[in-house]
Amino acid sequence: MADRAALEDLVRVQGERVRGLKQQKASAEQIEEEVAKLLKLKAQLGPDEGKPKFVLKTPKGTRDYSPRQMAVREKVFDVIISCFKRHGAEVIDTPVFELKETLTGKYGEDSKLIYDLKDQGGELLSLRYDLTVPFARYLAMNKLTNIKRYHIAKVYRRDNPAMTRGRYREFYQCDFDIAGQFDPMLPDAECLKIMCEILSSLQIGDFLVKVNDRRILDGMFAICGVPDSKFRTICSSVDKLDKVSWEEVKNEMVGEKGLAPEVADRIGDYVQQHGGVSLVEQLLQDPKLSQNKQALEGLGDLKLLFEYLTLFGIADKISFDLSLARGLDYYTGVIYEAVLLQPPARAGEEPLGVGSVAAGGRYDGLVGMFDPKGRKVPCVGLSIGVERIFSIVEQRLEAELLYKKNPKLLNQLQYCEETGIPLVAIIGEQELKDGVIKLRSVASREEVDVRREDLVEEIKRRTSQPLCIC
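Rules of the game
- Here the residue numbers are simple positions, counted from 1 along each chain's written sequence.
- In view of the model being predicted, local features appear only for residues whose pLDDT reaches at least 70, and side-chain atom pairs are presented and counted only at 80 or more, with totals across whole chains, interfaces and linings using the full set of residues.
- Just so you know, side-chain values use all the structure's heavy atoms and leave hydrogens and water out.
- UniProt positions are given in the numbering used here, feature names are shortened, and annotations may be inferred rather than shown by experiment.
- Only DSSP runs of H or I with at least four residues qualify as helices, and only runs of E with at least two residues qualify as strands; both kinds are numbered from the N terminus onward.
- Whether a residue is buried, partly exposed or exposed follows from its accessible area with a 1.4 Å probe, protein chains only, as a fraction of its type maximum: under 20%, in between, or over 50%, in that order.
- Contacts: residue pairs with any heavy atoms within 4.5 Å of one another.
- Values of accessible area rely on a 1.4 Å probe in the Shrake-Rupley scheme; residue burial ignores everything except the protein chains shown.
- The charge count treats Lys and Arg as positive and Asp and Glu as negative. His and the chain ends do not count.
- By convention, the charge on Lys lies at NZ, on Arg at CZ, on Asp at CG and on Glu at CD.
- Any Phe, Tyr or Trp ring, taking Trp's six-membered ring, that has another such ring centre within 6.5 Å forms a pair; planes under 30 degrees apart are called stacked, those over 60 apart edge-to-face, and the others tilted.
- Geometrically, a lysine NZ or arginine CZ counts as sitting over a ring once it is within 6 Å of the ring centre and also within 35 degrees of the ring normal.
- Two strands pair if DSSP finds at least two bridges between them.
- Lines fitted to C-alpha atoms define the axes here, with helix axes fitted over just the stretch in contact, and angles between the N-to-C directions of these axes take values from 0 to 180 degrees.
- Note on convention: the crossing is left-handed when the near helix lies turned anticlockwise from the far helix by less than a right angle, right-handed when the turn is clockwise.
- For a helix, the expected span equals 1.5 Å multiplied by the residue count minus one.
- The term disulfide is used for any two cysteine sulfur atoms that are within 2.5 Å.

The protein chain has the name Histidine--tRNA ligase, cytoplasmic in an unreviewed UniProt entry, where Bos taurus is given as its organism. Listed under Catalytic activity (unreviewed entry) in UniProt, the entry text for the protein chain is "tRNA(His) + L-histidine + ATP = L-histidyl-tRNA(His) + AMP + diphosphate + H(+)".

Following this line, the structure appears as structure tokens:
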């Protein structure tokens, strides 16, 4: 053991010698000679079979949060929670794991992503996949028929993580739900209003909320000739249209799921359409779709929904998109998903969606699945994708430079507006003479002169306000 320790010291010293020669840019021959000595010593040392090979890291699809990242996260949560409370929601919490049978059969093809736990004494358990199914279980177990609640907690999915895009195996969800019997489409419209309020307040860029209705999808599948038994699996295929082309989705429907090519083509004619209330009215006149009872109900509700959205002043943020499917089995009515937009590459093109940051919908049958007598409690809700938002905000908080020689002030201000930078410090000749810095609010365009020694405190004061995160 002592011999091995002595050899390890020699290897360490020789390694430092090699690194020193490289830093000094010694001759290649000299470096090569010392490297050969190092390798000879390592060969004498041999493998350390008794020493465990342990890589210190977080598990795949998880992350630590530094104090700086926690500060960002807390500000994002503050914006979200204040909006939920403004709309009258109460907070609840549920266990991080549920009985396996509670979660089984609720998520369609995504059920394979549930983390099952090892049997610890008679109960088969799984980590929660989302916050919606535990909420429905909570309502049924406590015999509640009316509540506005929010819940912020971690959920777990055995997915392939893409951490640079805010996709993890352990992540936070921020849910708001309305349970109870109310006038048609009012709770749904409020959920969309909340979604728009939060995304606007977070200042993470322009966004669009896609809406559709499961009844319209089911009616469309029926008139196109999809067998009842394939509705949900074809729905999962359609839900991929925001990520892959129609041709790829069609190939999956036909090649993997056994759908007739002509049926897939008929589906394609519908799911590639999107627009506003005018598209709803157009489909109400569709000779085939208007004859389907489910689709007609869904279209009627969407028309009413757009009336409320117009009154709320958010109709311009909403797009009726027939490709939106939301793969989860428990949705029964209106569904929606918010995506961030990036500017078009060329004039005349539509903005491109660059990722979902919020989603939700109506699930009127889920509570009844847990109630012994099957009593239903109508529910609608939304979930904010905070992990993706954290990633965006963190990137925005990194040092921002405009890589141009002598850029014009107007160009710099426009850049700040486009990228969501809230404050601009302007230092010109007059400011240098006066010993001040001009601080400009990008949103309001208000400018104030601040003494240099007060600048840090003034920026802290402005960025600590509830609706500002950077």
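A. Summary view of the overall build of the protein chain. From N to C terminus, the protein chain includes 16 helices and 14 strands. Its C-alpha atoms give the protein chain principal-axis dimensions of about 85 × 70 × 50 Å. A buried classification covers 46% of the 470 residues belonging to the protein chain. Within the protein chain, contacts between residues separated by at least 24 positions form 66% of all contacts whose residues are at least 6 apart in sequence. Summed over all atoms, the accessible surface of the protein chain reaches about 25600 Å², with 52% contributed by carbon and sulfur. Between the averaged position of the 69 positive side-chain charges in the protein chain and that of its 73 negative side-chain charges there is a distance of 3 Å.

B. Focus on the packing of aromatic side chains. On inspection of all chains with the given rule, the structure shows ten aromatic pairs. Considering the side-chain rings of Phe 84 and Phe 176, the 5.5 Å spacing of their centres and the 35° angle between planes classify their relative orientation as tilted. One end of the pair, Phe 84, is in helix H3 (residues 67-86); the other, Phe 176, is in strand E5 (residues 170-179), with 92 residues separating them in the sequence. Of the residues examined, Phe 176 reaches a relative accessible area of 0% and is grouped as buried. Ring centres 6.1 Å apart and planes at 70° place the aromatic pair Tyr 107 and Tyr 330 in the edge-to-face group. Here Tyr 107, found in the loop between helix H4 (100-103) and strand E3 (125-127), pairs with Tyr 330, found in the loop between strand E8 (318-321) and strand E9 (334-342); they are 223 residues apart in sequence, far enough to count as distant. A single burial state applies to Tyr 107 and to Tyr 330, both of which are buried. The aromatic ring of Tyr 65 is capped on one face by Arg 73, whose charged end is 4.4 Å from the ring centroid. Cation over ring: Arg 157 sits above Tyr 129, and NZ or CZ is 3.9 Å from the ring centre.

C. Summary view of the pairing of E9. Taking burial as the measure, the nine residues of E9 include eight buried ones, the bulk of the element. Relative to E9, strand E6 (residues 207-213) is paired through seven bridges, and the arrangement is antiparallel. Each residue of the ladder has a partner; that of Val 209, found in E9, is Ala 338.

D. Quick look at the UniProt feature "binding site: L-histidine" (unreviewed entry) in the protein chain. UniProt records the feature "binding site: L-histidine" (unreviewed entry) at Asp 130, Leu 131, Thr 132, Arg 157, Gln 173, Asp 177, Arg 326, Tyr 330 and Tyr 331, using the numbering of this structure. Tracing the sequence through the fold places Leu 131 in the loop between E3 and helix H5 (132-141). Contacts of Leu 131, omitting those with residues within four sequence positions, involve Arg 149, His 151, Ala 153, Val 155, Gln 173 and Asp 175. Positionally, Tyr 331 belongs in the loop between E8 and E9.

E. Quick peek at the packing of helix H7 (residues 214-224) against helix H12 (residues 293-311). Axis separation between H7 and H12 bottoms out at 7 Å; the angle between their running directions is 145°. Our pair here, H7 against H12, has a crossing hand that is left-handed. Where H7 approaches H12, its residues Arg 215, Ile 216, Asp 218 and Gly 219 are matched on the opposing element by Gln 294, Ala 295, Glu 297, Gly 298, Leu 299, Asp 301 and Leu 302.

F. H3, seen in detail. For H3, which comprises 20 residues, the first-to-last C-alpha distance of 28 Å matches the rise-based estimate of 28 Å (1.5 Å per residue) to within 8%. Two residues or fewer past H3, Gly 88 is found with a positive phi of approximately 85°.

G. Representation of the state of the cysteines in the model. This model, assessed by the stated rule, comprises zero disulfides. The thiol of Cys 83 is not disulfide-bonded; the next cysteine sulfur, from Cys 196, is found 10 Å away. What makes Cys 83 buried here is its relative accessible area of 2%. Summary of cysteine pairing: Cys 224 is not part of a disulfide, and the nearest cysteine sulfur, belonging to Cys 235, is at 13 Å. Accessibility expressed as a relative area gives 2% for Cys 224, which makes it buried.

H. Here's a closer look at unusual backbone geometry. Residue Met 185 is not a glycine yet carries a positive backbone phi of 75°. Along the chain, Met 185 turns up in the loop between E5 and helix H6 (186-202). Judged by relative accessible area, Met 185 falls into the buried class, the value being 5%. If you check the backbone angles, Arg 445 has positive phi at about 65° while not being a glycine. With respect to the helices and strands, the residue Arg 445 is situated in the loop between strand E13 (436-441) and strand E14 (447-451).

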